[in-house]
Amino acid sequence: MLNEFQAFILGIIQGLTEFLPISSTGHLYLGRHIFHLDEAGIFLDTMLHIGTLLALLVVYKNDIIAILKNPFSKMTLLLIAGTIPAVIAGILLGDWFDGLSKTGVTIGWEFLATGLILWVADGVRKGGKSLHEISIKDALIIGTFQAAAIMPALSRSGLTIAAGLFCRLDRATAAYFSFLLSIPAITGGIVFQMKPIFTGEVERLPLTALFVGTLSAAIFGYIAVVWMIDFLKKRSLKIFSIYVWALGAIILFMQFTGKF
């Protein structure tokens, strides 16, 4: 049964890895596996994602207010265009993705793939597009990368930041738009996960632990968003590549030796 300490640690993992380009789904799978909480998946993940959504709502409150005041703005169109590929992927591949998330059989390879994409994107010649210069085409490309992150350990933030760099966005803008685009994606994921919760198909968990986990995810998610946007202004993504390559290699070795 989930306790407050486990929920706190899992909230930290969710909050940081949702916005650092290292895959929150993959890390949460590892965290639940270590704590022997594999059956707590959907309900726990939903509450932790609510925590990171709260962090985004705080960081992007001015953007959200501006969109609500002018719902037919270019930014609204960009967010819709960037979200469409993920919606299609969720409808067509949602059940398959759910099966992969439960088994974790592919996550080692996916961590390696995330590292490769980050490494290549970091080597792209620096672009100079600002937030106001993003085109519908750019949003669709970034959204397609986001849709690919339906795989458990392909980092959503990593792939969308990489796609932004491929589209010649400046580095801080690539991160900023990546996180802004994650608001409808995370919201949609939460809504999608609500059905089995309301129908009683998931294990019930202690409310206190869920509150602690949600709050922890919100606090550390806020820290991660602000830090990552500033980090990318001057620093390389390659450090994250090295991390996920090492993690992927360890997981593959443990799977090969039957220890995972």
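Not measured: the values here are computed from a predicted model.

Asks: Would you mind going over the overall build of the protein chain in detail, with residue names and values included?
Replies: Helix and strand counts for the protein chain stand at eleven helices and zero strands. What you see in the protein chain, going N to C, is helices and strands ordered as α-α-α-α-α-α-α-α-α-α-α. The C-alpha atoms of the protein chain give 18 Å as radius of gyration, which agrees with the globular expectation for 260 residues (18 Å, within 12%). Its C-alpha atoms put the protein chain at 50 × 40 × 35 Å along the principal axes. Relative to its full complement of 260 residues, the protein chain shows a buried share of 50%. The long-range share in the protein chain, meaning contacts at least 24 apart out of those at least 6 apart in sequence, stands at 84%. Roughly 12,500 Å² of accessible area belongs to the protein chain as shown, and the carbon and sulfur atoms make up 71% of that amount.

Asks: If you had to explain the packing of aromatic side chains to someone new, which residues and values would you point to?
Replies: To describe a pair of aromatic rings, one takes the distance between the centres and the angle between the planes. What the rule picks out here adds up to seven aromatic pairs. Judged by centre distance (6.4 Å) and plane angle (75°), the ring pair of F8 and F220 falls under edge-to-face. Of this pair, F8 sits in helix α1 (residues 4-17) while F220 is found in helix α10 (residues 207-234), placing the two residues 212 residues apart along the sequence. Judged by its relative accessible area of 36%, F8 falls in the partly exposed class.

Asks: Report on the UniProt feature "transmembrane region" (unreviewed entry) in the protein chain, specifying residues and quantitative values.
Replies: UniProt records the feature "transmembrane region" (unreviewed entry) for residues 7-30, 42-60, 72-94, 106-124, 174-193, 205-229 and 235-254 in the present numbering. Secondary structure over residues 7-30 splits into 75% helix and 0% strand, and the C-alpha atoms at its two ends are 14 Å apart.

Asks: Pulling in residues and values, what's your account of the packing of helix α6 (residues 107-122) against helix α11 (residues 238-256)?
Replies: Running from N to C, α6 and α11 point in directions that differ by 160°, and their axes come no closer than 8 Å. Of the possible angle classes, the one that applies to α6 and α11 is roughly antiparallel. The interaxial crossing formed by α6 with α11 has left-handed handedness. Only K238, F240, S241, I242, V244, W245, L247, G248, A249, I251 and L252 of α11 make contact with α6, whose side of the interface consists of I107, G108, W109, F111, L112, T114, G115, L116, L118, W119 and D122. Split by residue class, the contact of α6 with α11 holds 15 nonpolar, five polar and two charged.

Asks: Any details on the pattern of salt bridges? Residues and values, ideally.
Replies: For the structure on display, the rule yields four salt bridges. E18 is the salt-bridge partner of R156, the closest N and O atoms lying 4.0 Å from each other. Taken as a pair, R156 in helix α8 (residues 156-166) and E18 in the loop between α1 and α2 (24-34) lie far apart in primary sequence, 138 residues in all. For the pair formed by R156 and E18, the shared burial category is buried. The partner of D138 in a salt bridge is K129, with the nearest N and O atoms 2.8 Å apart. On the basis of relative accessible area, K129 is assigned to the partly exposed category, the value being 25%.

Asks: Describe the environment of L232, and please don't skip the residues or the numbers.
Replies: Inspection of the secondary structure assignment puts L232 in helix α10. On a C-alpha basis, the gap between L232 and N62 in space is 22 Å, while along the polypeptide they are 170 residues apart. For L232, the residues in contact, after removing those within four places along its chain, are I161, R171, A175 and L237.

Calculation rules
- Residues numbered from 1 in each chain as written.
- Predicted model: local features only at pLDDT ≥ 70, side-chain atom pairs only at ≥ 80, totals over all residues.
- Heavy atoms only, no water.
- Helix = DSSP H or I, 4+ residues; strand = E, 2+ residues; numbered from the N terminus.
- Rg over C-alpha atoms; globule rule 2.2 N^0.38 Å.
- Buried < 20%, exposed > 50% of the residue type's maximum accessible area, 1.4 Å probe, protein only.
- Contact = heavy atoms within 4.5 Å.
- Areas by Shrake-Rupley, 256 points an atom, 1.4 Å probe, with all protein chains shown as cover.
- Phe/Tyr/Trp six-rings, centres within 6.5 Å; stacked < 30°, edge-to-face > 60°.
- UniProt positions renumbered as here; feature names shortened; annotations may be inferred.
- Axes fitted to C-alpha atoms, helices over the stretch in contact; angles between N-to-C directions.
- Parallel < 35°, antiparallel > 145°, perpendicular 65-115°, else oblique.
- Left-handed = near helix turned anticlockwise from the far one by under 90°.
- Nonpolar A, V, L, I, M, F, W, Y, C, P; charged D, E, K, R; others polar.
- Salt bridge = Lys/Arg side-chain N within 4 Å of Asp/Glu carboxyl O.

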